[in-house]
Amino acid sequence: MASWDLSVSVEELGVEAPPLKISVTSDLHIGGVILKVVEKTEIKKDWSDHALWWEQKQQWLLKPSWTLDKCGIHADARLCLTPQHKPLRLVMPNLATLRLRVCFSSPMFHTVIGICKLLNIRHPEELSLLWPVEEKKKKKQKDADVNEVDMIGFSTRSETAGSIDKLANDMPAFFANSPETEAVYKMLSVSQPAPAPETIAKMNRPTTKVDKAQINSRWLDSSRSLLQQGVKENDKLLFRFKYYSFHDLEPQSDAVRLTQLYEQAKWAILLEEIDCTEEEMMLFAALQYHIGKVSLTEQLVATCPAMDDLDSALQCLEVKMEEEYSAEEMLDTMTAPELHDYLKIFRPKKQTLKKYKQFWFTFKDMSISYYKSKEESCKEPIQQMNLKGCEVAPDVSVATQKFCIRLLIPEPEGMNEVYLRCDNEQQYSKWMAACRLASKGKTLADASFSTEVQSIQSFLAMQRTSSSNKAAQTDESINTHSLVSPRYQKKYKPKQLTPRILEAYQNVAQLSLTDTILKFLQIWQALPDFGLSYFIVRFKGCRKDEVLGIANNRLIRIDLGVDEVVKTWRYNTMKQWNVNWDIKQVAIEFNGNVNIAFGCVTANCKIVHEYIGGYIFMSTRSREKNNTLNEELFHQLTGGHEAL
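Residues numbered from 1 in each chain as written. Predicted model: local features only at pLDDT ≥ 70, side-chain atom pairs only at ≥ 80, totals over all residues. Heavy atoms only, no water.

Draft legend 1. Just the overall build of the protein chain, in detail. Along the protein chain, the regular secondary structure elements total 20 helices and 24 strands. Scored against the burial criterion, the 644 residues of the protein chain give a buried share of 50%. Partitioning the intrachain contacts of the protein chain with sequence separation of at least 6 by distance along the chain shows that 63% fall at a separation of at least 24. Per element, the accessible surface of the protein chain, about 32500 Å² overall, is 50% carbon and sulfur. (Helix = DSSP H or I, 4+ residues; strand = E, 2+ residues; numbered from the N terminus. Buried < 20%, exposed > 50% of the residue type's maximum accessible area, 1.4 Å probe, protein only. Contact = heavy atoms within 4.5 Å. Areas by Shrake-Rupley, 256 points an atom, 1.4 Å probe, with all protein chains shown as cover.)

Next comes the structure, spelled out in structure tokens:
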């Protein structure tokens, strides 16, 4: 077979060095090419991490036994011999920058698994990498990276080890090698003091859903390698929780994961990426203030040893009870519980003036019915509303004793908006819990109903002002600029904010660090817009752009003009989804012959496809402790072209 010259540039020889010319034949395998190149460089070093990168095709040649002919490589190919692991700068959710050696040749999903293994973060499938917002070039670029920590030595050691040894407190053993490495682990696992107000003021703050959609266009593709996506050595990427479905949170094992999740939630609230009421903001500020204080002395620990396996214990109990029930007992319990009470209702679309009218309401299964009075409840209801798949949002002010529930109920022609007004906290807690469960397809008989009621009541209790200790606390100086979002900094002066934050603080001052962080995350997850990732799309047959919101259990369609939800579709009613990669259109089929199709305006449709597939993958995870990550299934659900 005739020999021909192949040009291969070698990174170790420098950028200016000309490519090496080696004589090859088409039946020479990739491993043989690397051997010839290494011999010609005459550099004695460990070349085991090096591989060939094909510049024109933007792909790695990672199969050493494949021949040049099988790979389709001819004399015009430009190859580069380069290390597969390179330094990368990661900006963590707590804004610390870590310089790590990561894999540039494997699919990004696998690279994220390696990063999480090193940083001791379980469930890497929940995280991903995205490009940061382009910063204006500053003269003093060095000052920007004062907070950068070099972990190249750490990552080199962990790459060689199959599994990482851990200490009793679940900290990877290599972090205990020196005071410097311990300080790095503490920086990751303990909430850090907030930056100066000037720094916060300069941070990128999305103000509209269009701005928020732009953020989601910057996610990297989990199926392709970093080098394939234009990431270069020492580039800066953001490391964030992408999927808002947090599985199996354990304070003892998840010190880094919990702290970073709290930091991401905190910045989402401070930078107004998610909306919350004034009372909720004061409570978030009080919880942040408390976390800042107790982080100086406490560490994250399991809340209580007996609580560790609460979920599994409850599951076992349910199974036992099912086995032990007699037929008569089963019949007795088959009568589903109901709620009955006088509530007030208001429907904005049907009335011009905001006037609530009182009716007798019943809540049964997943439906609300209402009648003129209690006596007429045996007759036909005025209206019956099925809440399965609806949007539920609180409209509450404890200070003014306002307890309203906002419902957006799906109907064939769009979303029907309804407000229910309750008289007191107890009534509100029960009806709100019932509405939330019904929206997820659960009835009042569900075991989580009482837990949901307690969760709502504890949240309301935290918003109550406690006047008893107020006077003793007003002299404390707190940095309000790092605790509330810019909207409230403009609305109130620090001397007005301080007493309000300290009032709320009295209700949380006795909580441990672990309980405070878990409470913060719980209230964050209860916000109406929690977990929604926005994209600007154009629905098939429509002439205007609209917003698609993707959550962990549903898709929502939002009218960009009036900023209102038009339609909701739940994943549990989805039959199939596919992407036409040629015209970049996503098509989804739901039960009841409902079909939707849209093209993506602000992002690549692969990102939307990956979000939907990713959330469906998250729902397949089981509670078993030995539940290993099914990489192949994740790739099948999110990979698109690459999965084929």
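Draft legend 2. Seen up close, the nonpolar core. Phe239 and Trp524 are the most contacted members of the largest nonpolar core, which has 118 residues in total. Sorting elements by how many residues they give to this core places helix 10 (residues 278-294) first, with 10 residues. Setting aside residues no more than four positions away along its own chain, phenylalanine 239 makes contact with Leu90, Val91, Met92, Pro93, Val112, Ile115, Cys116, Leu119, Ile121, Leu127, Ser128 and Leu129. Listed in part, the 34 residues of the second largest apolar core include Ile368, Leu407, Ile409 and Leu460. (Core = buried A, V, L, I, M, F, W, Y, C linked by side-chain atoms within 4.5 Å.)

Draft legend 3. Molecular detail of the pairing of strand 24 (residues 594-600). With 5 of 7 residues buried, strand 24 lies mostly within the body of the structure. Relative to strand 24, strand 23 (residues 585-590) runs antiparallel, the two being bridged by 6 bridges. The residue of strand 24 that forms the bridge with glutamate 589 is asparagine 595. As consecutive antiparallel partners, strand 23 and strand 24 are separated by 3 residues, and within that stretch glycine 592 has a phi angle of approximately 75°, a positive value. (Pairing = 2+ DSSP bridges.)

Draft legend 4. Representation of the environment of isoleucine 269 in the model. With respect to the element layout, isoleucine 269 can be found in helix 9 (residues 255-270). Taking relative accessible area as the criterion, isoleucine 269 reaches 1% and is therefore assigned buried. With 215 residues separating them in the primary sequence, isoleucine 269 and valine 484 have C-alpha atoms 8.1 Å apart.

Draft legend 5. The arrangement of the packing of helix 6 (residues 179-189) against helix 9 in detail. Running from N to C, helix 6 and helix 9 point in directions that differ by 50°, and their axes come no closer than 7 Å. Between helix 6 and helix 9, the angle falls in the class oblique. Only Ala255, Val256, Thr259 and Gln260 of helix 9 make contact with helix 6, whose side of the interface consists of Tyr185, Met187, Leu188 and Ser189. Class assignment for the residues of the contact of helix 6 with helix 9 results in 5 nonpolar, 3 polar and no charged. (Axes fitted to C-alpha atoms, helices over the stretch in contact; angles between N-to-C directions. Parallel < 35°, antiparallel > 145°, perpendicular 65-115°, else oblique. Nonpolar A, V, L, I, M, F, W, Y, C, P; charged D, E, K, R; others polar.)

Draft legend 6. Molecular detail of helix 19 (residues 605-618). Between the first and last C-alpha of helix 19 there are 20 Å, a value that for 14 residues agrees with the 20 Å anticipated at 1.5 Å per step. The element helix 19 is extensively covered by neighbouring structure, given that 13 of its 14 residues are classed as buried. Of the residues flanking the start of helix 19, the one acting as N-cap is asparagine 604, its side-chain oxygen 2.9 Å from the backbone nitrogen of lysine 606. (Expected span 1.5 Å × (residues − 1). Polar contact = N/O pair within 3.5 Å; in protein donor to acceptor, adjacent residues only side chain to side chain.)

Draft legend 7. Quick look at empty space enclosed by the protein. Evaluation of the coordinates by the stated rule reveals 2 cavities of 30 Å³ or more. Space inside the largest cavity adds up to approximately 50 Å³. Around the largest cavity sit Met108, Phe109, Val112, Glu125, Leu127, Ser128, Ser222, Tyr243, Glu610 and Phe634, which together line it. At the level of elements, helix 3 (108-119) and strand 8 (127-130) are the ones that each hand at least two residues to the lining of the largest cavity. The element that contributes the greatest number of residues to the lining of the largest cavity is helix 3, accounting for 3 residues. Classifying every residue of the lining of the largest cavity by side-chain character gives 6 nonpolar, 2 polar and 2 charged. Approximately 30 Å³ is the volume found for the second largest cavity. Together, Ile269, Glu272, Ile274, Asp275, Cys276, Met281, Ser485, Arg487 and Tyr488 line the second largest cavity. Within the lining of the second largest cavity, the residues separate by chemical class into 5 nonpolar, 1 polar and 3 charged. (1 Å grid on protein atoms, 1.4 Å probe; cavity = no way out; pocket = protein on both sides within 12 Å on 5 of 7 lines; lining within 4 Å. Points joined across faces, edges and corners; volume = space filled by probe spheres on them.)

Draft legend 8. Broad picture of the side chain of glutamate 126. Note that glutamate 126 resides in the loop between helix 3 and strand 8. For glutamate 126, the residues in contact, after removing those within four places along its chain, are Arg240, Phe241, Lys242, Tyr243, Ser245, Phe246, His247, Arg257, Met618 and Arg621.

Draft legend 9. Quick look at the packing of aromatic side chains. For the coordinates displayed, the defined rule picks out 30 aromatic pairs. Aromatic pair tyrosine 244 and phenylalanine 530: ring centres 5.5 Å apart, planes at 80°, arrangement edge-to-face. Taken together, the residues tyrosine 244 in the loop between strand 10 (236-241) and helix 9 and phenylalanine 530 in the loop between helix 18 (513-525) and strand 18 (533-539) connect sequence positions 286 residues apart. Like tyrosine 244, the residue phenylalanine 530 is buried in the burial classification. With centroids separated by 5.5 Å and ring planes inclined at 55°, the aromatic side chains of phenylalanine 346 and tyrosine 356 adopt a geometry described as tilted. (Phe/Tyr/Trp six-rings, centres within 6.5 Å; stacked < 30°, edge-to-face > 60°.)

Draft legend 10. Expanded view of the packing of helix 9 against helix 18. Their axes nearest at 10 Å, the elements helix 9 and helix 18 cross at an angle of 45°. With respect to their mutual orientation, helix 9 and helix 18 come out oblique. Between helix 9 and helix 18 lies a crossing whose hand is left-handed. Packed against helix 9, whose contacting residues are Leu258, Leu261, Tyr262, Ala265, Lys266 and Ile269, the element helix 18 presents Ile517, Leu518, Phe520, Leu521 and Trp524 at the interface. Residues that form the contact of helix 9 with helix 18 fall into these classes: 10 nonpolar, no polar and 1 charged. (Left-handed = near helix turned anticlockwise from the far one by under 90°.)

Draft legend 11. Inspection of the pairing of strand 13 (residues 367-371) at higher detail. Of all 5 residues in strand 13, 5 are buried, a share of seventy percent or more. Side chains of strand 13 alternate between two faces, with Ser367, Ser369 and Tyr371 and Ile368 and Tyr370 buried alike. Of the pairings in the sheet, the one linking strand 12 (residues 357-364) to strand 13 comprises 5 bridges and is antiparallel in character. Paired with tryptophan 360 across the two strands is tyrosine 371, which belongs to strand 13. Where strand 12 folds back onto strand 13 in an antiparallel hairpin, the turn is made up of 2 residues, including aspartate 365, whose phi is positive at roughly 55°. Judged from the 4 bridges that link them, strand 13 and strand 14 (residues 383-386) form a sheet pairing that is antiparallel. Bridge assignment links isoleucine 368 to a residue of strand 14, and that residue is methionine 385.

Draft legend 12. Focus on the pattern of salt bridges. Tallied over the full model, the rule gives 29 salt bridges. Between arginine 487 and aspartate 275 there is a salt bridge, with the nearest N and O atoms lying 3.5 Å from each other. Separated by 212 residues along the polypeptide, arginine 487 in helix 16 (residues 486-491) and aspartate 275 in the loop between helix 9 and helix 10 bring together distant segments of the chain. Connected via shared salt-bridge partners are Arg122, Glu125, Glu126, Asp248, Asp254, Arg257 and Arg621. (Salt bridge = Lys/Arg side-chain N within 4 Å of Asp/Glu carboxyl O.)

Draft legend 13. Structural view of the side chain of serine 253. Relative to the elements of secondary structure, serine 253 occurs in the loop between strand 10 and helix 9. With near-sequence residues (within four places) excluded, serine 253 lies in contact with Asn120, Arg122 and Asp170.

So, to be careful, I would describe these as geometric facts and stop short of saying anything about function.
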